[in-house]
Every structure is written in C-alpha cells, then in structure tokens.
Amino acid sequence: MHAIFGASEHCIAVHLEHHNPLEPSATIAMWEGDNLTLYETTQGISATQRVIASVLNIPQENVRVISKYLGGGFGCKVLLRFHTILAAIASRQVKRPVKVVLTRSQMYTACGHRSQTQQQLTLGATKEGKLTLINHIGTSLTSLFDDFVELVGTATTMMYACPNLEIKYRLARINTGTPTFMRGPGEAPGMFALESAMDELAYALNIDPIEFRLKNHADIEPHKGLPWSTKSLKECYRKGAEIFGWSQRNPVPRSMRDNHFLIGWGMASATFPTNIQTALVKVKIFANGEVKVQSGTQDIGTGTYTVMTQVAAEVLGLPVQFELGDSNLPKAPMAGNSITVASVSPAVHKAAIAARDKIIKMAIIDPNSLLYESQAEDITVESGQIFLKQDPFKRDSYTDILLRHGLESLEVTEESSLNPESKQYAKHSFGAIFVEVAVDESLGEIKVRRCVGVYGAGRILNFKTARSQVLSGITWGIGMALMEKTVMDANQGRIVGANLSDYLIPVHADIPNMEVQFIEEHDPFVNALGTKSLGELPIVGVAEY
C-alpha cells in the first residue's frame with residue numbers, strides 16, 4: 001500500500017469471517033398426514049415454506065413454518081440449509097417429530113460465511129482535492145458449484161462524485177462451502193477499502209479527511225443521476241466532528257500520545273441502501289377490546305415486535321398484540337438486507353388506519369352513536385375511545401360500536417404499496433463514525449477508547465431499539481477490524497478453532513462507551529412513514545478507522 005501526491009493505490013484484504021449467532025441453526029419437523037410443520041431458526045419463513053415445498057414436491061399450503069423469535073442470524077439464517085431438509089425427510093420416514101440442532105463447529109461449515117476478499121483501489125484527484133478517477137477491483141472466493149460474489153464495489157458506485165469510475169469483480173473457485181450474506185454484505189468490506197483509500201489520498205494531498213469527503217460529496221446519485229430522497233451525510237459529518245472534538249486532531253503521524261500509548265483519531269462514512277418490498281398485514285379488532293395485528297415477518301432480535309406494536313397502537317389508540325413468525329399469517333419479506341421496518345411498518349400503518357376508519361364510519365352512520373353524522377376528519381382516537389376533537393364529550397368506544405352492529409370482531413387486511421414517485425429518487429441511509437484508538441508502542445496492544453456515530457436513517461420509530469442496532473453494528477465493526485478471523489489450515493483445508501473460544505468476538509471489556517446520534521429526516525418518498533434502512537448501516541465504515 002502506498003500513496004503519492006494526487007493519487008492513491010490501495011490494496012486491502014478482508015479476512016474470512018463467520019456469523020456466530022448465539023443460537024445455532026436448528027429445526028423441529030413434524031408431519032400430520034400430508035402436512036408438514038417446521039419450527040425453524042430462519043430469517044425468512046415464507047421463503048423457507050416455498051423452497052421446502054419445492055424440494056419435497058408437496059403443495060406449498062401443506063407446509064407451515066414457525067419462527068416466533070430468532071436468537072441471532074446476521075444473514076446465515078436467510079437461506080434454507082440442508083439440516084432442515086434432512087429433518088423433514090427423517091420425520092416423514094420415522095413418523096415422529098425430529099429435532100436437528102447443529103453444533104457450533106457445524107455452523108462454520110454448513111451455514112455460509114463472509115467471503116475472504118482482496119480489493120485493489122486506485123484513486124486520482126486534482127491538487128485541490130477533487131476526485132478524477134476511481135478504479136475498484138474486488139476478488140472474492142466461492143465454492144466449486146456456486147457463484148456467490150461479494151459485491152464490494154456497490155457503495156463505490158454511489159458514494160462520491162467522480163467523473164471516471166470503474167468497478168470490476170473477479171471470482172475464484174476453491175474447495176469450500178459457498179459464502180453467504182453477512183451483516184452489511186458488500187458495503188461493510190467494500191467501504192473498508194474505499195474509505196481507507198480516501199484517507200490515504202487525503203493525507204497525500206494534505207487535506208483534512210472530512211474536508212476531502214465534503215469536496216467530493218455526491219449531491220445526486222452518481223451512477224443513475226437521480227436525486228436523493230433524503231441525504232443528511234453532511235450533517236452527520238458536522239455533528240459527529242462537533243461531538244468528537246475533531247478540530248483538535250493533529251494529523252502528523254505519531255504526534256498524539258498518552259504516556260506510552262500512541263493515539264490515533266479516525267473517521268469514515270457509512271451508507272446502506274433502503275430496500276423495500278410489499279408486505280401484507282391483518283388487523284383484527286374484537287368486541288371485547290382485544291386487538292391483534294398479524295404479519296408473517298420475523299423478529300431476529302431487532303425489536304420488530306416492539307416497533308410494529310407501537311405503530312399500530314399509535315393509530316388505533318388502544319393496546320395491540322402483534323403476531324409474527326408464522327407462514328400462515330399474511331405474507332411479508334424476509335428479515336434481512338435492512339428491509340423489515342421499511343417494508344412492514346408502512347403496511348401496519350395502512351392496515352391500522354383502514355381498521356380505525358372503518359370503525360369511525362360505522363359510528364357516523366349509526367343513529368345510536370353520539371358521533372352520528374359527524375365528519376370523519378373531525379374525529380380522533382385515544383384509549384379505545386373515538387371522539388370529536390372539538391367536543392370530547394361526544395364519544396363512542398370500539399367495543400360499543402361493534403356490539404351495536406352485532407359483530408364479535410372487525411377484520412381488515414392491507415398490503416403496503418410502493419410509492420410510484422420513489423423510483424425517481426435514490427434511497428440510501430448515511431452516517432459518519434469517529435473513533436479514538438490507543439496503541440501501546442511497546443506491546444502493540446490496540447484499544448478503542450472513544451466512539452461517536454451519527455446517522456441519517458429516515459424516521460426513527462423507536463430510539464431505544466434503533467440505538468441498540470447502532471451499538472451492535474459498531475461493536476461488530478470493531479471486531480471485524482481487530483479480532484474476527486476464521487483460520488483455515490493450509491494443508492488440510494479445515495477450519496482451525498471452529499468455536500467461540502478461538503474465534504474472537506468483542507466482549508464488554510473490548511468496547512468503549514459509545515455516543516449515538518440520529519439526524520432527524522422527513523422522507524416522503526421511501527414510504528408512508530418515512531422509514532429507511534438502519535440494521536446493517538452501523539457496521540459499515542467502522543473497520544476503516
């Protein structure tokens with residue numbers, strides 16, 4: 001790796017990594033006649049239902065997949081794995097329920113991994129710091145029988161304004177298992193390389209790293225030429241630098257010390273696309289006051305239960321029970337690619353509004369209601385009551401309205417619809433990460449001392465769960481930089497130390513206190529709620545510090 005004035009050539013390798021969720025992959029399979037029920041550790045119940053039906057050559061409606069809560073997945077539980085198929089076949093043969101749980105060492109060979117990659121970047125710039133070219137070549141490894149490419153150049157295509165851009169991929173086949181998605185696939189290793197090269201060039205040009213990035217800020221999406229739906233990256237830089245105290249940084253190597261520790265300050269950009277798919281949601285309001293909201297999505301530890309309950313309860317004005325994790329429920333996309341909140345929450349919101357409006361309409365046309373012949377736009381809801389905004393004494397309740405109409409329940413199903421205008425915009429979340437690292441000059445020990453992360457990720461529905469996602473992503477980024485590495489025996493081709501003792505992941509003692517901030521964004525183009533991707537965003541850029 002070297003840098004010269006006006007250009008930077010950068011070569012970086014990202015180690016082979018494994019997901020290591022706390023809960024290993026497992027399946028319970030049981031048959032009742034021609035019907036198969038799977039209790040499955042999966043990030044995609046509908047996809048598992050569809051694929052297992054195809055593999056076993058049975059109707060899809062004969063397969064039910066249940067995953068009420070997942071103890072971590074991070075991508076390794078998105079796709080159907082062999083143990084699920086074997087459990088289903090074995091259960092059919094022995095005519096009894098069969099449970100298969102992978103051992104920790106089997107998780108290293110049966111559930112995929114983040115591919116080892118080697119990346120070469122060439123950056124050119126004017127003396128003033130304007131990028132003139134970016135060449136990004138990514139080489140990744142796959143199995144002998146599958147084409148799985150780690151798309152390390154995805155973020156490079158849209159991150160900075162540059163007139164000359166070339167992305168190339170090279171794929172090498174080796175005798176190993178097929179890689180798979182791992183938190184921040186493509187962006188996490190790709191931005192590691194890109195942001196490192198940007199820092200090399202900033203140093204060669206004697207320009208502050210933030211100033212260099214601002215000079216090359218992409219005001220429109222460079223690849224497609226589309227405007228951003230929202231983009232708060234400049235504000236993330238400004239806020240993060242202010243909190244961190246970036247102005248006090250001395251850029252001269254080895255100039256910042258604390259006794260025998262060398263101190264380094266670093267920053268990097270983060271980005272992840274906002275991916276949205278349609279989702280179905282059913283709302284059931286019962287005359288006894290109970291409300292159930294149902295969707296066949298998954299909670300993989302990200303707080304889906306909490307956030308969806310919150311969205312529905314806010315609209316309906318009464319407590320809600322949110323049900324998920326069952327393929328018999330209305331279809332929703334997999335929980336991966338930071339897709340759940342942006343896809344499912346608008347459907348929850350839409351279905352809750354439809355159910356509420358249906359109840360209000362029933363009251364308006366009911367001569368026995370105090371709201372008879374009122375205008376729907378004049379009515380609001382709270383604590384199971386609907387009432388006039390200007391005259392709260394004119395009110396009715398969900399329960400009374402349903403009972404007067406002789407109904408035990410009211411049911412509404414809605415599908416989230418993509419905003420037609422959204423195709424005219426580029427939809428991404430952005431962020432900036434700042435860290436302080438201490439290196440023991442004698443021992444080589446590395447310690448992360450401080451960390452500040454600032455993110456623009458659309459409307460934040462629940463600050464507590466969102467902050468938790470950011471803390472976990474940054475933690476994993478620190479592990480990616482300093483600790484995590486899957487070691488392969490060069491002679492036997494076997495993984496050395498396929499366990500949690502030898503594969504080092506960060507623990508509390510390795511992680512500093514982190515300050516997390518969100519930039520308020522109002523994005524009317526991504527979806528009805530303005531929610532964007534967040535789950536994978538915080539790991540991106542962290543390893544570059």
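The model shown is predicted, which means the values in this text are computed figures rather than measured ones.

Draft legend 1. Representation of the overall build of the protein in the model. A count of helical and extended segments in the protein gives 10 helices and 23 strands. On C-alpha atoms alone, the protein measures out to a radius of gyration of 26 Å, which is about the 24 Å that the 2.2 N^0.38 rule sets for 545 residues. On the principal axes, the C-alpha backbone points of the protein span a range of 80 × 65 × 45 Å. Going through the 545 residues of the protein one by one, you find that 54% of them count as buried. Here the contacts in the protein between residues at least 6 apart in sequence split such that 76% fall between residues at least 24 apart. For the protein, the accessible area works out to roughly 24200 Å², and carbon and sulfur atoms hold 52% of it. Considering the protein, the positive charge centre built from 50 side chains and the negative charge centre built from 56 side chains are found 3 Å apart.

Draft legend 2. Expanded view of the sheet that holds strand β20 (residues 446-456). Taken in spatial order, the five strands of this open sheet run β10-β11-β19-β20-β23, and their pairing is mixed. The sheet is open, and its two borders are formed by β10 (257-258) and β23 (514-518), each paired with just one other strand. Bridging between β20 and β23 involves five bridges; their strand directions are parallel. Pairing of G453 across the sheet is with V516, part of β23.

Draft legend 3. Fine view of the environment of D366. As for its position among the elements, D366 is in the loop between α8 (340-364) and β15 (379-382). Each C-alpha atom of the pair D366 and N57 lies 52 Å from the other, and the pair is 309 residues apart in sequence. Ignoring anything within four residues of it in the chain, the contact list for D366 reads Y372, R404 and H405. Within the structure, the side chain of D366 is placed 2.9 Å from the backbone nitrogen of N368, a separation counted as a polar contact.

Draft legend 4. Quick peek at the packing of helix α1 (residues 45-56) against helix α2 (residues 82-94). Contact geometry for α1 and α2: axes closest at 11 Å, N-to-C directions at 55 degrees. With respect to α2, the element α1 is oriented oblique. The handedness of the crossing between α1 and α2 is right-handed. Contacts between α1 and α2 involve I52, V55 and L56 on the former and, on the latter, T84, I85, A88, I89 and R92. Looking at the contact of α1 with α2 residue by residue, the class counts come to six nonpolar, one polar and one charged.

Draft legend 5. Structural detail: the confidence of the model for the protein. Chain-level pLDDT for the protein is 95 on average; 98% of the residues reach the 70-or-more range. Confidence drops under pLDDT 50 across residues 1-5; counting only partners more than four residues distant or on other chains, this segment forms 13 contacts.

Draft legend 6. Just the state of the cysteines, in detail. On inspection of all chains with the given rule, the structure shows zero disulfides. Cysteine C11 remains unbridged, with the sulfur of C162 as its closest cysteine sulfur at 20 Å. Residue classification places C11 among the partly exposed residues on the basis of a relative accessible area of 39%. Of the cysteine sulfurs around C236, a residue in no disulfide, the closest is that of C451, at 14 Å.

Draft legend 7. Local environment of the sheet that holds strand β6 (residues 98-101). Taking strand neighbours across the sheet as the criterion, the four strands line up as β5-β4-β3-β6 in an open arrangement whose pairing is mixed. Looking at which strands have only one partner, the edges of the open sheet turn out to be β5 (63-66) and β6. For this sheet the average axis-to-axis angle between neighbouring strands, irrespective of direction, equals 15 degrees. Bridging between strand β3 (residues 26-32) and strand β4 (residues 35-40) involves six bridges; their strand directions are antiparallel. When the bridges of β4 are listed, A29 appears paired with L38. Where α1 meets the sheet, it contacts β3, β4 and β5, and its direction lies at approximately 145 degrees from that of β5. Here α2 sits on the sheet in contact with β3, β4 and β6, set at roughly 35 degrees to β3.

Draft legend 8. Just the pattern of salt bridges, in detail. For the structure shown, the criterion picks out 26 salt bridges. Note that R64 and D326 form a salt bridge whose closest N and O atoms lie 2.4 Å from each other. Highlighted residues: R64 in strand β5 and D326 in the loop between β14 (321-323) and α8, separated in sequence by 262 residues. Judged by relative accessible area, which is 32%, R64 ranks as partly exposed. Among the residues examined, D326 registers a relative accessible area of 6% and is labelled buried. A salt bridge links E242 to R238, with the shortest nitrogen-to-oxygen separation between them at 2.9 Å. Pair noted here: E242 and R238 are both in helix α6 (residues 233-244), with a separation of four residues, about one helical turn.

So, how was this worked out
- Residues numbered from 1 in each chain as written.
- Predicted model: local features only at pLDDT ≥ 70, side-chain atom pairs only at ≥ 80, totals over all residues.
- Heavy atoms only, no water.
- Helix = DSSP H or I, 4+ residues; strand = E, 2+ residues; numbered from the N terminus.
- Rg over C-alpha atoms; globule rule 2.2 N^0.38 Å.
- Buried < 20%, exposed > 50% of the residue type's maximum accessible area, 1.4 Å probe, protein only.
- Contact = heavy atoms within 4.5 Å.
- Areas by Shrake-Rupley, 256 points an atom, 1.4 Å probe, with all protein chains shown as cover.
- Lys, Arg positive; Asp, Glu negative; His and termini not counted.
- Charge placed at Lys NZ, Arg CZ, Asp CG, Glu CD.
- Pairing = 2+ DSSP bridges.
- Polar contact = N/O pair within 3.5 Å; in protein donor to acceptor, adjacent residues only side chain to side chain.
- Axes fitted to C-alpha atoms, helices over the stretch in contact; angles between N-to-C directions.
- Parallel < 35°, antiparallel > 145°, perpendicular 65-115°, else oblique.
- Left-handed = near helix turned anticlockwise from the far one by under 90°.
- Nonpolar A, V, L, I, M, F, W, Y, C, P; charged D, E, K, R; others polar.
- pLDDT = per-residue confidence, 0-100.
- Disulfide = S-S within 2.5 Å.
- Salt bridge = Lys/Arg side-chain N within 4 Å of Asp/Glu carboxyl O.

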